[in-house]
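Results of the structural survey
Here is what each chain is made of, one letter per residue.
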Amino acid sequence: MRQRSIVDVFRNAMEGLIYGFRTQRNLRVHAVLALVAVAAGWLLDISRTDWMFISLAIGFVIVTELLNTAIEIVVDLASPEIHPLAKAAKDTAAGAVLLAAVFAVIIGIFVYLKPFIRWIF
Ligand SMILES: Nc1ncnc2c1ncn2[C@@H]1O[C@H](COP(=O)(O)OP(=O)(O)OP(=O)(O)O)[C@@H](O)[C@H]1O
């Protein structure tokens, strides 16, 4: 295989992102929630450190969702028939997304709860 240029590498990565967002409803839901989190951060004027945590949480969820998608595709390719290992691979990948989402919620509570209560009262 010929050496790929940086432009090719970037184009393939963008195609992967577009494929993920086009085909995965969960990824689109996470993206909308990320926009809500950014809007809330802006509204509540959270600190630089808090922005760092929120960015990491958003990135972590979206990256795990993309990896989950990639694993689902590879499993479907390698094992279109029902197989306990195919189930284990998909369930484990889904578990990673679930954990990332749970940690994102925990970070969100730490970051937003106090400024939100202050904003209300
Ligand atoms: N080849 C298989 N063999 C055994 N179980 C499978 C197989 N494919 C899927 N499953 C089971 O069905 C579940 C859903 O798999 P599916 O491929 O439909 O994922 P999905 O619903 O598209 O996931 P997501 O909502 O994250 O996109 C898996 O978590 C797994 O438990």
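Fair warning: this is a prediction, and the values are worked out from it, not measured in the lab.

Around the ligand, the neighbouring residues are Gln 24, Asn 26, Asn 68, Glu 72, Ser 79, Glu 81, Ile 82, His 83, Ala 86, Lys 87, Lys 90 and Asp 91. One nitrogen or oxygen atom from the side chain of Glu 72 is found 2.8 Å from an oxygen atom belonging to the ligand. Isolated, the ligand exposes 620 Å² of accessible area, and the fraction of that covered by the protein chains is 60%. Elements with a minimum of two residues in the shell around the ligand: helix 3 (48–78) and helix 4 (84–120). Sorting elements by how many residues they give to the shell around the ligand places helix 4 first, with 4 residues. Residue composition of the shell around the ligand, grouped by class: 2 nonpolar, 5 polar and 5 charged.

Taken over all residues, the pLDDT of the protein chain has a mean of 96, while the share at 70 or more is 99%. Highest mean pLDDT in the protein chain belongs to helix 3 (98); lowest belongs to helix 1 (residues 6–23) (96). The complex model carries a pTM of 0.91, and its ipTM stands at 0.90.

Further remarks concern the packing of helix 2 (residues 25–43) against helix 3. Look at helix 2 against helix 3: their axes get within 10 Å of each other, and the N-to-C directions meet at 175 degrees. It follows that helix 2 is roughly antiparallel to helix 3 by the angle criterion. Across the interface between the two elements, Asn 26, Leu 27, His 30, Ala 31, Ala 34, Ala 37, Val 38, Gly 41 and Trp 42 from helix 2 touch Trp 51, Ile 54, Ile 58, Val 61, Ile 62, Glu 65 and Leu 66 from helix 3. Residue composition of the contact of helix 2 with helix 3, grouped by class: 12 nonpolar, 3 polar and 1 charged.

What counts and what doesn't
- Residues numbered from 1 in each chain as written.
- Predicted model: local features only at pLDDT ≥ 70, side-chain atom pairs only at ≥ 80, totals over all residues.
- Heavy atoms only, no water.
- Near = heavy atom within 4 Å.
- Polar contact = N/O pair within 3.5 Å; in protein donor to acceptor, adjacent residues only side chain to side chain.
- Areas by Shrake-Rupley, 256 points an atom, 1.4 Å probe, with all protein chains shown as cover.
- Helix = DSSP H or I, 4+ residues; strand = E, 2+ residues; numbered from the N terminus.
- Nonpolar A, V, L, I, M, F, W, Y, C, P; charged D, E, K, R; others polar.
- pLDDT = per-residue confidence, 0-100.
- Axes fitted to C-alpha atoms, helices over the stretch in contact; angles between N-to-C directions.
- Parallel < 35°, antiparallel > 145°, perpendicular 65-115°, else oblique.
- Contact = heavy atoms within 4.5 Å.

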